[in-house]
Amino acid sequence: MGMGIVEELARKIRDIPDFPQKGIVFKDITPLLNDPRTFRMAIDAMAHQYVGRHIDLVVGIEARGFIIGSALAYILNTGLIPLRKPGKLPFLTHRMSYNLEYGSAELEIHRDAIKPGQRVIIVDDLLATGGTMRASIDLVKTLGAEIVGVSFLVELSFLEGRQRLQDCDMTALITY
Ligand code: AMP
């Protein structure tokens, strides 16, 4: 009997206790990326849900969202937009602040990255409290994009981040 896709992918995600600080169990996806079979399976499965849905752009969130986002954009034949930490993007930007479990953070997007009405998906590796994706959605909306979906490799469902993304069609491949 073969394993299901989700089970095979989940076996390549490693738990690192107390990283980057005590009490956090970090989900390390590098073993999944390291294996050509699971990397391809994960990207193909994420891309599959958007095939034929006329996506113009994939928006990837720094930094692990870039890894997944660029592969998705290549498969879906779309452009790629980076959402970056402050001070990295060289042209005019819009900026959005959001709260983390400790302190706050900001993300930026180039003002001319998306034209009103363009159909986009936003991707990141993992949904925890949802603060990062909430800010990303709000930022992308300020440019008038139509958000077709938001997509994650991993969802930590016990943190209920999904509750903050109810205005979007949200999917995750692997749920803990
Ligand atoms: P949040 O804004 O709380 O949804 O956090 C999501 C962001 O933080 C994503 O970019 C994740 O890569 C990262 N992150 C949060 N918690 C974890 C975790 N337990 N393991 C790995 N990455 C995490």
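The preceding data block contains the structure.
Residues numbered from 1 in each chain as written. Predicted model: local features only at pLDDT ≥ 70, side-chain atom pairs only at ≥ 80, totals over all residues. Heavy atoms only, no water.

Things to note about the site of the ligand
Taken together, 13 residues sit near the ligand, with D124, D125, T129, G130 and T132 positioned nearest. Residue T129 places a side-chain N or O atom 2.5 Å away from an oxygen atom belonging to the ligand. Within the backbone of G131, an N or O atom sits 3.4 Å from an oxygen atom of the ligand. For the ligand, the accessible surface in isolation is 490 Å², of which the surrounding protein chains cover 84%. (Near = heavy atom within 4 Å. Polar contact = N/O pair within 3.5 Å; in protein donor to acceptor, adjacent residues only side chain to side chain. Areas by Shrake-Rupley, 256 points an atom, 1.4 Å probe, with all protein chains shown as cover.)

Considering the layout of surface pockets
In this structure, the largest pocket occupies an estimated 1100 Å³ of space. At the level of secondary structure, the elements contributing two or more residues to the lining of the largest pocket comprise strand 2 (25-28), strand 5 (93-99), strand 6 (104-110), strand 7 (119-127) and helix 5 (131-142). Among the elements that take part in the lining of the largest pocket, strand 7 stands out by supplying 4 residues, more than any other. (1 Å grid on protein atoms, 1.4 Å probe; cavity = no way out; pocket = protein on both sides within 12 Å on 5 of 7 lines; lining within 4 Å. Points joined across faces, edges and corners; volume = space filled by probe spheres on them. Helix = DSSP H or I, 4+ residues; strand = E, 2+ residues; numbered from the N terminus.)

Considerations on the sheet that holds strand 4 (residues 79-83)
In space, the 5 strands of this open sheet follow the order 4-3-7-8-9, with parallel pairing throughout. A single partner strand is all that each edge strand has here, and the edge strands are strand 4 and strand 9 (170-175). Strand-to-strand twist across the sheet, computed as the mean angle between neighbouring axes with direction ignored, equals 20°. By the bridge criterion, 5 bridges tie strand 3 (residues 57-61) to strand 4 in an arrangement that is parallel. Each bridged residue has a counterpart across the sheet, and for V58 the counterpart in strand 4 is L80. Contacting strand 8 (146-155) and strand 9, helix 3 (residues 36-48) runs over the sheet at an angle of about 150° to strand 8. Contacting strand 3, strand 4, strand 7 and strand 8, helix 5 crosses the sheet at an angle of about 165° to strand 7. (Pairing = 2+ DSSP bridges. Axes fitted to C-alpha atoms, helices over the stretch in contact; angles between N-to-C directions. Contact = heavy atoms within 4.5 Å.)

Details of the packing of aromatic side chains
For the structure on display, the rule yields 1 aromatic pair. Residues F19 and F26 carry aromatic rings whose centres are separated by 5.2 Å and whose planes lie at 85° to one another, so their mutual orientation is edge-to-face. A cation over a ring is seen here: K27 above Y176, with NZ or CZ 3.8 Å from the ring centre. (Phe/Tyr/Trp six-rings, centres within 6.5 Å; stacked < 30°, edge-to-face > 60°. Lys NZ or Arg CZ within 6 Å of the ring centre and 35° of its normal.)

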